[in-house]
Every structure is written in structure tokens, then in C-alpha cells.
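# Survey of secondary and tertiary structure
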Amino acid sequence: METGDTGLALAAAGGDREAFAALLARHYDGLFRVCFRLTGTRDGAEDLTQDICLALPAKLSGFRGDAKFSTWLYRVAVNAAHDARRRAASRTKASDGWGDWERNRRAAADDTAEGLDWLQTAMAALPEDLRDTAALTMGDEMTHAEAAEALGISEGTASWRLSEIRKRLKAMRDEELSA
């Protein structure tokens, strides 16, 4: 069996449990880091990572090997985070009355404030497209080109988004310092 990610992914898509276990062992930590950046909380990242891992055997049938496995996997994570945000927004809209909504909003804000440092809080204020781009490129996860491929945008757009992120984070910091 080929030990590269593509070979493992294709074998896992065919039902090879050992290949699937090897893929998870290689990519679980990176997947969790991306999920943490996408959700902003440890609990949210744990839930999202678990959901992705549970769905991954079925999703692997869609992996063609055109992109690096990590690029494909992080795109799966971004899509799963978007789905989770939509579900959460739907639940919020469906809640009974503004009082319940406000209590839930405050509880969520308290949970977030306890577990986040300044950067995570600032990222949460960014629009979804910028947050997704930042989550994929923070640390050594992905290059601009890899993030662009995972997000389905051009490399120039990814670079512009990162420039915009830096500008907005600096403005947020400057505003806090002047307050």
C-alpha cells in the first residue's frame, strides 16, 4: 500500500480501515486546529472535528486526488463549519421570544470570552470569508495558493483577504488602545 496521503485516501475510500486510521493519525491535529479557528471555542472545535471524522468515510468517495489531501480535508472542514453556523442561526431564529435569544446570546458570549484570547475574539468579528481564509493560513497550515484552492478562489483573492485581515486587526487594536 502506498504511504502517501493520496494513496491512503483512495484506499480508505475503498474501505481500508488501516488506511483510514493512518490518515486520521496524520491529519487529526491539523484538522482540530483549523476547526478551532473556524469555531473560536474548544468545545465547538471538538464537536466539529468529531462530526467531520464521523462523516469522512462517506466523504472520501468524493476525493479524486486532484488536490493535496490536506487541502481537500480543510475544504471539508470549512463547509462543515458553514453548515454548523447555518444550523445554529436557524435554531436561534426559531427560539421562543427575544428573552430566550438574549439569554442564549449572553451565555454564548460569556463562554467565548472565557476561552478566547484577543486574536480569537478579533477573528470572530471578521466576516465569514475573511475568517475562513485566516483559519486556513494561520500558522503553517496552508500557503496562500493552497488556501485559495481549498476555498475555491484565486490566489490573488486569498492574498487580498489576508491583507484586509491585517488591516482590520490593526484597526481593532488601535481602537482598543485609544478607548
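Provided above is the structure to which this section pertains.
A brief report on the enclosed structure follows. (Residues numbered from 1 in each chain as written. Predicted model: local features only at pLDDT ≥ 70, side-chain atom pairs only at ≥ 80, totals over all residues. Heavy atoms only, no water.)

## A short note on the environment of His27
Worth spelling out the cut-off: Only DSSP runs of H or I covering at least 4 residues are called helices, and only runs of E covering at least 2 are called strands; the numbering of each starts at the N terminus. Whether a residue is buried, partly exposed or exposed follows from its accessible area with a 1.4 Å probe, protein chains only, as a fraction of its type maximum: under 20%, in between, or over 50%, in that order. Here, residues are in contact when the closest pair of their heavy atoms is within 4.5 Å. Nitrogen and oxygen atoms within 3.5 Å of one another constitute a polar contact, given that in protein one can donate a hydrogen and the other can accept it, and given that sequence-neighbouring residues count only through two side-chain atoms.
As for its position among the elements, His27 is in helix 2 (residues 17–39). Looking at His27, the relative accessible area reads 11%, which means it is buried. Remark: the alpha-carbon pair of His27 and Tyr74, spanning 47 residues in sequence, is separated by 9.9 Å. Beyond its immediate stretch of four places on either side in the chain, His27 contacts Asp5, Phe69, Ser70 and Leu73. There is a polar contact of 2.9 Å between the side chain of His27 and the side chain of Asp5.

## Re the pattern of salt bridges
Note the threshold: Salt bridges are counted wherever a side-chain nitrogen of Lys or Arg sits within 4 Å of a carboxyl oxygen of Asp or Glu.
Scanning the model with the defined rule gives 12 salt bridges in all. Taking the shortest distance from any N to any O, the salt bridge between Asp174 and Arg173 comes out at 3.3 Å. You can call Asp174 partly exposed: its relative accessible area is 32%.

## Some points on the packing of aromatic side chains
As a reminder, the rule being used: We call Phe, Tyr and Trp rings a pair once their centres come within 6.5 Å, taking the six-membered ring for Trp, and we label the pair stacked below 30 degrees between planes, edge-to-face above 60, and tilted otherwise.
In this structure the tally under the stated criterion is three aromatic pairs. Ring geometry for Phe63 versus Phe69: centroids 5.6 Å apart, planes at 80 degrees, classification edge-to-face. On the basis of an interplanar angle of 35 degrees and a centroid distance of 5.6 Å, the ring pair of Phe69 and Trp72 is categorised as tilted. Here the residue Phe69 and the residue Trp72 both occupy positions in helix 4 (residues 69–94), the gap between them amounting to three residues, near one helical turn. By the burial criterion, Phe69 is buried, and Trp72 matches it. Here the aromatic cluster, defined as three or more aromatic residues joined through ring pairs, consists of Phe63, Phe69 and Trp72.

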